[in-house]
Amino acid sequence: MSVPFAEAVAELPALVRAHLLLSGSAVGIGVLAGLPLAILSARSRRVRGPVLAFAGLVQTVPALALLALFYPMLLILGQATGLAIPSLGFLPALLALSLYALLPIVRNCVVALTGIDPAVIEAADGMGMTAGQRLRIVELPLGGPVILAGIRTASVWTIGAATLATTVGQPSLGDLIFSGLQTENWARVLVGCAAAAALALIVDGCLALVEGGLARRSRTRLWGGIGLLGAALLLALVPGRAADGGETVVIGAKNFSEQYILASVIEDRLRAAGYRTERRDNLGSTVAYQALAAGEIDVYVDYGGTLWTNILGRTDTPPPEVMRAALTEALRARDGVRVLGSLGFENAYALAMRRGRAAELGLRSLDELTRAGPNLRLGADLEFLTRPEWRAVRDAYGLRFADQRPYSPTFMYRALSEGSADVITAFSSDGRIAALDLVTLADPRRALPSYEALLLLSPRRAGDARFAAALTPLIGAIPVERMRQANLLVDRDVDKRTPAEAARWLDPPRR
């Protein structure tokens, strides 16, 4: 078994449990909320219209957007009430997926109850049954198979959508898929997709047993299906095997190779110091910082220019040492976040082109790119075109392009090498710049700030001497040349390494 495949399989038990717990809880809430709403809707046309319209409206919102919306909503709610409401992880994912599960549950239940032969309802009323008795003895048993079909649909949808919970910091099988896509580790993508599909099929099969048991009045099928579902949920509730002793810390990471590598370096250091660790990968820049400030993650690596422009809203571009000192003071005063120090390298934004294409057009700087831009296509990472840095460099040079298109970082480089983009927003510590023979265009007007890699500690860890001591050896210890080589180990096409392997190469274990 290959190393990438073995690593992905090793992560499966914990991720399957987390995925099953999240999706099972969401469907359970959907059933508990949806069935009463559906029963009320079946009884009243005035209620039915708004309820079905709301459930349908939720379904029109992409699942990823629905997940993303709950993060700022919970953040604002927590700030407004002063309560410690988690805005990252299980809660926002649970709320979003519960809403997502509503439509098939509500709609099928309404169809089941309103589709019962009126003569049957009249006979039940003629026997003197109350509304509750009629519902329990007649309507629900008759409508059970159709209602179960809706729950089956909701379950399959929710298990699939739960892979997106990774983006709000909730562990799921999406961890394997997202990280695999970013690093072109197709073994991780395959394992994640196969596991999610298998989980959906197994749950659907169990619910099919329950549905068949109701339709055929078979107690064996009914209780067999319920028993299997109960066993699965109990399995999800069983905690995974943890290392003996030690305090658990949560390490954050954004969604590209360098961040996965550095998070693994931090994880190795903390485990060596006796801590248990958890990961929250694939976070957006603002989400990652807000999670750190709120104490939902304990440590992660961010970049000076990102914090300067996106968090502090600054537009000036001071030298790296001045920026670092100002960030250290401002983040401590504002959020209690501690800047432990620079790792020793910078990962700056730089507009890059294939060397031959740049030479053909005579482009060496962004000033010269201004005249050629209207005939060129820009490929950017997923965040850049919405960030203040893009507005700054665009306005400083008057840049205009024939087309602007966002890509995940890995596919952005692919787009350039395959000719789908002419210019990309490259990263200066990326080994693919040299490997693909790219040239970065000079920024003579200094529109882009410095991007030192800074190690940040949460307010809870800011004064923890033992925690800081475990990570202090990393400060100033990673030169940019070595970081480029580590990144290339993960990003190259031949003899690829996993981020964990690259982390061990970058920061070998101490004996």
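Here, the structure is the one placed above.
Along each chain, residue indices are assigned from 1 in the same order as the chain's sequence is written. For a predicted model such as this one, the threshold for reporting local features is a pLDDT of at least 70, and the threshold for listing and counting side-chain atom pairs is 80 or more; totals across whole chains, interfaces and linings nevertheless cover every residue. Note: side-chain values were computed over all heavy atoms of the structure, leaving out hydrogens and water.

Participant: Before we go on, may I ask you to explain the overall build of the chain in this structure?
Facilitator: Going along the chain from the N terminus, every DSSP run of H or I of four or more residues is numbered as a helix, and every run of E of two or more is numbered as a strand. The helix and strand tally for the chain stands at 23 helices and 10 strands. Counting only C-alpha atoms and orienting by the principal axes, one finds that the chain spans roughly 90 × 55 × 50 Å. Only protein chains enter the area calculation, which uses a 1.4 Å probe; residues under 20% of their type maximum are buried, those over 50% are exposed, and those in between are partly exposed. Within the chain, the proportion of its 511 residues that are buried is 50%. Two residues form a contact once any of their heavy atoms are found within 4.5 Å. By sequence separation, contacts in the chain at least 24 residues apart represent 76% of the contacts at least 6 residues apart. Side chains of the chain give 52 positive and 46 negative charges; the mean places of these two sets differ by 5 Å. Charged residues are defined here as Lys and Arg on the positive side and Asp and Glu on the negative side; His and the ends of the chain fall outside this count. One atom stands in for each charge, and that atom is NZ of Lys, CZ of Arg, CG of Asp or CD of Glu.

Participant: What is the right way to read the pattern of salt bridges from this model?
Facilitator: Side-chain pairs of opposite charge can arise whenever the charged atoms involved come near each other. Any carboxyl oxygen of Asp or Glu that lies within 4 Å of a side-chain nitrogen of Lys or Arg is treated as forming a salt bridge with it. Counting across every chain of the model gives 36 salt bridges. With a shortest N-O distance of 3.0 Å, R188 and E11 are connected by a salt bridge. Remark: E11 occurs in helix α1 (residues 3-43) and R188 occurs in helix α9 (residues 186-216); sequence separation between them is 177 residues. Of the residues examined, R188 reaches a relative accessible area of 10% and is grouped as buried. A residue is classified by how much of its surface remains accessible, and E11, at 30% relative accessible area, is partly exposed. Two residues, E267 and R279, come together in a salt bridge whose shortest N-O distance is 3.0 Å. Of this pair, E267 sits in helix α11 (residues 257-272) while R279 is found in strand β2 (residues 276-280), placing the two residues 12 residues apart along the sequence.

Participant: Looking at this structure, how should I read the packing of aromatic side chains?
Facilitator: By convention, a stacked pair of Phe, Tyr or Trp rings (six-membered ring in the case of Trp) has centres within 6.5 Å and planes under 30 degrees apart, an edge-to-face pair has planes over 60 apart, and any other such pair is tilted. For the structure on display, the rule yields 9 aromatic pairs. On the basis of an interplanar angle of 45° and a centroid distance of 5.7 Å, the ring pair of Y349 and F427 is categorised as tilted. In this pair, Y349 sits in strand β5 (residues 349-354) while F427 sits in strand β8 (residues 423-427), placing the two residues 78 residues apart along the sequence. Across the pair, F427 and Y349 agree in class, each one buried. Ring geometry for Y349 and Y451: centres 5.6 Å apart, planes at 90°, overall edge-to-face. Taken together, the residues span a long stretch of sequence, with Y349 in strand β5 and Y451 in the loop between β9 (438-440) and β10 (452-457) at a distance of 102 residues. Each member of the pair, Y349 as well as Y451, carries the same accessibility label: buried. Of the aromatic side chains, those joined through ring pairs into one cluster are F256, Y303, Y349, F384, W390, F401, F427 and Y451.

Participant: What is the right way to read the nonpolar core from this model?
Facilitator: Within soluble globular proteins, side chains that are nonpolar tend to cluster in buried spots. Counting 69 residues, the largest nonpolar core has L270, L369 and L471 as its most contacted members. Per-element tally for this core: the top contributor is α11, with 6 residues. Residues contacting L471, with those up to four places away along its chain left out, are I266, R269, L270, V299, L340, L455 and L457. Put simply, a nonpolar core is a bunch of buried Ala, Val, Leu, Ile, Met, Phe, Trp, Tyr and Cys residues held in one set by side-chain atoms that sit within 4.5 Å of each other.

Participant: Explain the sheet that holds β5 here, please?
Facilitator: Adjacent strands of a sheet pair through backbone hydrogen bonds, lying either parallel or antiparallel. We call two strands paired when DSSP finds no fewer than two bridges between them. What the 5 strands build is an open sheet, ordered β7-β6-β8-β5-β9; its pairing is mixed. Where the open sheet ends on each side, the last strands, each with one partner, are β7 (403-407) and β9. Strand-to-strand twist of the sheet, defined as the mean angle between neighbouring strand axes without regard to direction, takes the value 35°. By the bridge criterion, 5 bridges tie strand β6 (residues 377-381) to β7 in an arrangement that is parallel. When the bridges of β7 are listed, R377 appears paired with D403. Under this scheme, a helix contributes an axis fitted over its contacting stretch, all axes are lines through C-alpha atoms, and angles between N-to-C directions fall in the 0 to 180 degree range.

Participant: Any chance you could explain the packing of helix α8 (residues 174-183) against helix α18 (residues 409-418) here in plain terms?
Facilitator: Any two packed helices are characterised by the angle at which their axes cross and by the distance between the axes. Relative orientation of the contacting elements α8 and α18 amounts to 30°, with a least axis distance of 6 Å. What the angle tells us is that α8 and α18 run roughly parallel. Where α8 approaches α18, its residues L181, Q182 and T183 are matched on the opposing element by P409, T410 and F411. Class assignment for the residues of the contact of α8 with α18 results in 3 nonpolar, 3 polar and no charged. Any angle that falls under 35 degrees is termed roughly parallel, while one over 145 is termed roughly antiparallel, one within 65 to 115 roughly perpendicular, and all others oblique. Residue polarity follows a fixed list, in which Ala, Val, Leu, Ile, Met, Phe, Trp, Tyr, Cys and Pro are nonpolar, Asp, Glu, Lys and Arg are charged, and the others, Gly among them, are polar.

Participant: Just checking my understanding: could you explain the side chain of E452 for this structure?
Facilitator: Tracing the chain through its elements places E452 in strand β10. If we skip the residues at most four places from it in the chain, E452 touches D302, Y303, G304, P320, R324, S342, F345 and E346.

Participant: So what exactly am I meant to see when it comes to helix α12 (residues 285-293) here?
Facilitator: Within α12 the residues assigned to the buried category are S285, V287, A288, Y289, A291 and L292. Considering only its buried residues, α12 is in contact with α3 (63-81), β3 (299-303), α13 (304-311), α14 (320-335), β10 and α20 (459-462). Looking one or two residues past α12, G295 carries a phi angle of roughly 80°, positive in sign.

Participant: When you look at the side chain of S408 in this model, what are you seeing that I'm missing?
Facilitator: Along the chain, S408 falls in the loop between β7 and α18. On the basis of relative accessible area, S408 is assigned to the buried category, the value being 11%. If we ignore the near neighbours within four places in the chain, the residues touching S408 are Q182 and L382.

Keep in mind these values describe shape, not function.
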